[in-house]
Amino acid sequence: MGGGARARVREFCERFGLEVPILQAPMAGACPPELAIAVASAGGMGGDGALLDGPERIADWVARFRAGSSGAFQLNIWIPDPPNEDQARIDAARDFLGRFGEPGTETSTEAGAGPVFDQQCEAMLEARPTVISSIMGLFDADYVRRIHEHGISWFACATTLDEALAAQEAGADAVVAQGMEAGGHRGTFDPDAAERTQVGLFALLPRLVDGLRVPVVAAGGIADGRGVAAALTLGASAVQVGTALLRCPETGISKGWSASLDGLAPEATVTTRAYSGRLGRAAPTPYVLAWSEPGAPTPAPYPQQRRLLTQWRRGLPDEPAGQAGLDRSNHWAGQGAALATEEPAAQVITRMWRDASALLPPT
Ligand SMILES: Cc1cc2nc3c(=O)[nH]c(=O)nc-3n(C[C@H](O)[C@H](O)[C@H](O)COP(=O)(O)O)c2cc1C
């Protein structure tokens, strides 16, 4: 099994232009080009979570990455959810947000949903990354055809075998198996299923590996060489890490967010819809915990909850944390948070792979 791991890794790395089978997770809002450049310089794959970026910002990120690296990188996007304008839920969430201060004024350009998905998709094609990746669903057949015509590969995030099989059927070149340990949003295709279908990576990975023809990339709770070796032994061809890189200086997250990761126990992380309306794993900040108090409403559906929160943050005073516990960043955190170290990202990747290699059988 271990010998098989090395062969799988070699094949994956050759196919996608890597020296090390570690992908930096695309983390919307927390993945400047400097982070991707550092990861690529260590032989891994850099990544950009482009959810919040319009076409110009996507092109700019790619230009800055290419100015610092000729390595492999992925551009990532969320597949939009079907519209859910549940006005009663939106109103209840807005009322509850009142306890965190006053909302700022919504500017006319923000009244819409944000960057336009079709334009983001065109910008990603134009940039010709190594990989375009999706989360929360699948691209349509026409876009998948165009990805491949442009010589790009498509990686699709899945949280169950059914989602993974649908991705393979739709033409995905690899599936990212996201365990429930993962920091940030859960990629469940059906937004309402996210709490019900939480599967740990140790159970998810063999199930996907046994059920799929395409290579599987493991994600969720992997934060050191032991985790990398375990995932590769369970059948993954590579791993994707997010939380482990959050405290690297290149990531540039706020001091408050970084401090909330320091020593954070796996069982202390929480899953919450309080930041966006979609379920994600985060540190237990007073803001997040307030939404699970008795009597608290269900957050508004995605993306309205995120839009409301953006408006509230605009009303925050300049101090790092508002007095009611709301600050300007989402404190995402996976269950491996305590293993995240404050050191350059290239060092983290190099050590992870060196330690994993020492654990895998030689052939
Ligand atoms: C801060 C943060 C932001 C994230 N944003 C995205 C995103 O925009 N797109 C995506 O596909 N995954 C996103 N993820 C999830 C990662 O791709 C990956 O599944 C996760 O980081 C793996 O678990 P780990 O954090 O325990 O390493 C994000 C994760 C974090 C921690």
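Scroll up a little and you will see the structure.
One structure accompanies this document, and this report is about it. Just so it is clear, the structure is predicted and the values come from calculations on it, not from any experiment. (Residues numbered from 1 in each chain as written. Predicted model: local features only at pLDDT ≥ 70, side-chain atom pairs only at ≥ 80, totals over all residues. Heavy atoms only, no water.)

Now for the site of the ligand. Pro26, Asn76, Gly221, Gly242 and Thr243 are the nearest of the 20 residues found near the ligand. Between an oxygen atom of the ligand and a side-chain N or O atom of Gln178, the distance comes to 3.1 Å. One of the backbone N or O atoms of Gly221 is found 2.8 Å from an oxygen atom in the ligand. When the ligand sits alone it has 590 Å² of accessible area, and the protein chains cover 97% of it. Counted by class, the shell around the ligand contains 11 nonpolar, nine polar and no charged residues. (Near = heavy atom within 4 Å. Polar contact = N/O pair within 3.5 Å; in protein donor to acceptor, adjacent residues only side chain to side chain. Areas by Shrake-Rupley, 256 points an atom, 1.4 Å probe, with all protein chains shown as cover. Nonpolar A, V, L, I, M, F, W, Y, C, P; charged D, E, K, R; others polar.)

Okay, the sheet that holds strand E9 (residues 238–241) next. Backbone hydrogen bonds hold the strands of a sheet together, and the pairing may be parallel or antiparallel. Spatially, the eight strands line up as an open sheet ordered E1-E9-E8-E6-E5-E4-E3-E2, and their pairing is parallel. The strands lining the two open edges of the sheet, one partner per strand, are strand E1 (22–24) and strand E2 (46–49). Mean inter-strand twist for the sheet, computed between neighbouring axes without regard to direction, equals 25°. The sheet contacts of helix H6 (residues 141–149) involve strand E4 (131–135) and strand E5 (153–158), and relative to E5 the element is tilted by about 135°. (Pairing = 2+ DSSP bridges. Helix = DSSP H or I, 4+ residues; strand = E, 2+ residues; numbered from the N terminus. Axes fitted to C-alpha atoms, helices over the stretch in contact; angles between N-to-C directions. Contact = heavy atoms within 4.5 Å.)

Since the α-helix advances by 3.6 residues per turn, residues separated by three or four positions end up pointing in the same direction. Within helix H12 (residues 304–314) the residues assigned to the buried category are Gln304, Gln305, Leu308, Leu309, Gln311, Trp312 and Arg313. On its buried face, H12 sits against helix H4 (87–97) and helix H11 (286–290). (Buried < 20%, exposed > 50% of the residue type's maximum accessible area, 1.4 Å probe, protein only.)

Right, let's talk about the layout of surface pockets for a bit. Vacant regions in the atomic arrangement are exposed by a probe of water-molecule size rolled over the atoms. For the second largest pocket, the calculated volume is near 210 Å³. Along the wall of the second largest pocket there are 13 residues; nearest its centre are Arg8, Arg213, Val214, Pro215 and Ser237. With five residues, helix H1 (residues 2–16) is the single largest residue contributor to the lining of the second largest pocket. Looking at the lining of the second largest pocket, its residues break down into seven nonpolar, two polar and four charged. (1 Å grid on protein atoms, 1.4 Å probe; cavity = no way out; pocket = protein on both sides within 12 Å on 5 of 7 lines; lining within 4 Å. Points joined across faces, edges and corners; volume = space filled by probe spheres on them.)

Tracing the backbone through its elements, the reader meets Arg273 in the loop between strand E10 (270–272) and strand E11 (280–282). Distance from Arg273 to Tyr302, taken between C-alpha atoms, is 8.6 Å for residues 29 residues apart in sequence.

Our focus in this paragraph is empty space enclosed by the protein. By the definition in use, this model includes one cavity of 30 Å³ or more. Lining the largest cavity, in full, are Gln178, Gly179, Met180, Ala182, Gly184, His185, Arg186, Thr271, Leu279, Gly280 and Arg281. Listing elements by their share of the lining of the largest cavity, those giving two or more residues are strand E7 (184–185) and E11. Here the residues of the lining of the largest cavity sort into three nonpolar, six polar and two charged.

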